[in-house]
Amino acid sequence: MSQGSGTGASRVVAFPARRDAQVGFDRQELQRILDLYGRMVAAGQWRDYAMDFDRHAATFAAFRRTAERPQARVEKRPALRGKQGMWTLFGEHGQVLKRGHDLSGVLAPMERRLLKAVED
């Protein structure tokens, strides 16, 4: 065998890099979000929801009607954990309603809306 750089030379192939894991909700977070969703459905405020998970964020969107934009969207973005907090609540038109480090605090505006809906 010759060790030249001819056609018989071996080639090293790099091992594929590990992909970033997708962001998701843990059991307690999802339980908290779905509890609010269930109460909003019972109050007649929401009828449908969608979840989206990718490398950067996990999103839960709640809809009044299926064919329209979400009335509320909760986003978990761990990259912002050390800054303004990884939780963000967006309104129907995409405006930021609340940001924070604690899910309960971020969901507070929706809880208040639920109380108003029940009182009416």
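See above for the structure.
Read on for an overview of the structure. Only a predicted model underlies this, so the values are computations on that prediction, with no experimental measurement involved. (Residues numbered from 1 in each chain as written. Predicted model: local features only at pLDDT ≥ 70, side-chain atom pairs only at ≥ 80, totals over all residues. Heavy atoms only, no water.)

Time to look at the overall build of the protein chain. For the protein chain, the count of helices and strands is 2 helices and 5 strands. Written out in order from the N terminus, the α and β elements of the protein chain read α-β-β-β-β-β-α. Counting contacts in the protein chain only where the partners sit at least 6 residues apart, residues at least 24 apart contribute 35% of the total. For the protein chain, the accessible area works out to roughly 8,600 Å², and carbon and sulfur atoms hold 49% of it. (Helix = DSSP H or I, 4+ residues; strand = E, 2+ residues; numbered from the N terminus. Contact = heavy atoms within 4.5 Å. Areas by Shrake-Rupley, 256 points an atom, 1.4 Å probe, with all protein chains shown as cover.)

The next subject is helix H1 (residues 27-42). Compared with an ideal rise of 1.5 Å per residue, which puts 16 residues at 22 Å, H1 spans 22 Å between its outermost C-alpha atoms and is within 8% of the ideal. Restricting attention to buried positions, one finds in H1 the residues Glu29, Ile33, Leu36, Tyr37 and Met40. Down the axis of H1, the buried set is contained in an arc of 100°. They therefore lie on one face. Opposite the buried face of H1, at more than 90 degrees from it, the exposed residues are Arg27, Gln28, Gln31 and Ala42. For H1, the N-terminal cap is Asp26; the gap from its side-chain oxygen to the backbone nitrogen of Gln28 is 3.1 Å. Phi turns positive, to about 80°, at Gly44, one or two residues after H1. (Expected span 1.5 Å × (residues − 1). Buried < 20%, exposed > 50% of the residue type's maximum accessible area, 1.4 Å probe, protein only. Arc of directions from axis to C-beta. Polar contact = N/O pair within 3.5 Å; in protein donor to acceptor, adjacent residues only side chain to side chain.)

Let us look at the pattern of salt bridges. Applying the stated criterion across every chain, the model contains 6 salt bridges. Measuring nitrogen to oxygen at the nearest pair gives 2.9 Å for the salt bridge that ties Glu29 to Lys76. Taken together, the positions of Glu29 in helix H1 and Lys76 in strand E3 (residues 72-76) put the pair 47 residues apart, joining distant regions of the chain. Taking relative accessible area as the criterion, Glu29 reaches 12% and is therefore assigned buried. Close ionic contact of Glu75 with Arg77 constitutes a salt bridge, the shortest N to O distance being 3.0 Å. (Salt bridge = Lys/Arg side-chain N within 4 Å of Asp/Glu carboxyl O.)

All right, on to the environment of Leu36 then. With respect to the element layout, Leu36 can be found in helix H1. Note: C-alpha distance between Leu36 and Met110 (74 residues apart in sequence) is 8.1 Å. Once you skip the residues sitting within four places of it in the chain, Leu36 turns out to touch Trp46, Leu107, Met110, Glu111 and Leu114.

Here the focus is the side chain of Gln71. Relative to the helices and strands, Gln71 resides in the loop between strand E2 (58-63) and E3. Residues in contact with Gln71, not counting those within four places in the same chain, are Gln45, Trp46, Ala62, Phe63, Arg64, Phe90, Gly91, Glu92 and Arg113.

Turning next to the nonpolar core. With 20 residues, the main nonpolar core has Ile33, Leu36, Trp46, Val74 and Trp87 as its most contacted residues. Top contributing element to this core by residue count: helix H2 (residues 103-119), with 5 residues. Dropping the residues within four chain positions of it, Trp46 is found in contact with Leu36, Tyr37, Met40, Val41, Ala62, Phe63, Arg64, Gln71, Ala72 and Met110. (Core = buried A, V, L, I, M, F, W, Y, C linked by side-chain atoms within 4.5 Å.)

A few words now on the environment of Gly100. Tracing the sequence through the fold places Gly100 in strand E5 (residues 96-100). Its relative accessible area of 11% is what places Gly100 among the buried residues. Considered as a pair, Gly100 and Arg81 are 19 residues apart in the sequence and their alpha carbons are 8.8 Å apart. Setting aside its immediate chain neighbours within four residues, Gly100 contacts Gln84, Gly85, Met86, Trp87 and Val106.

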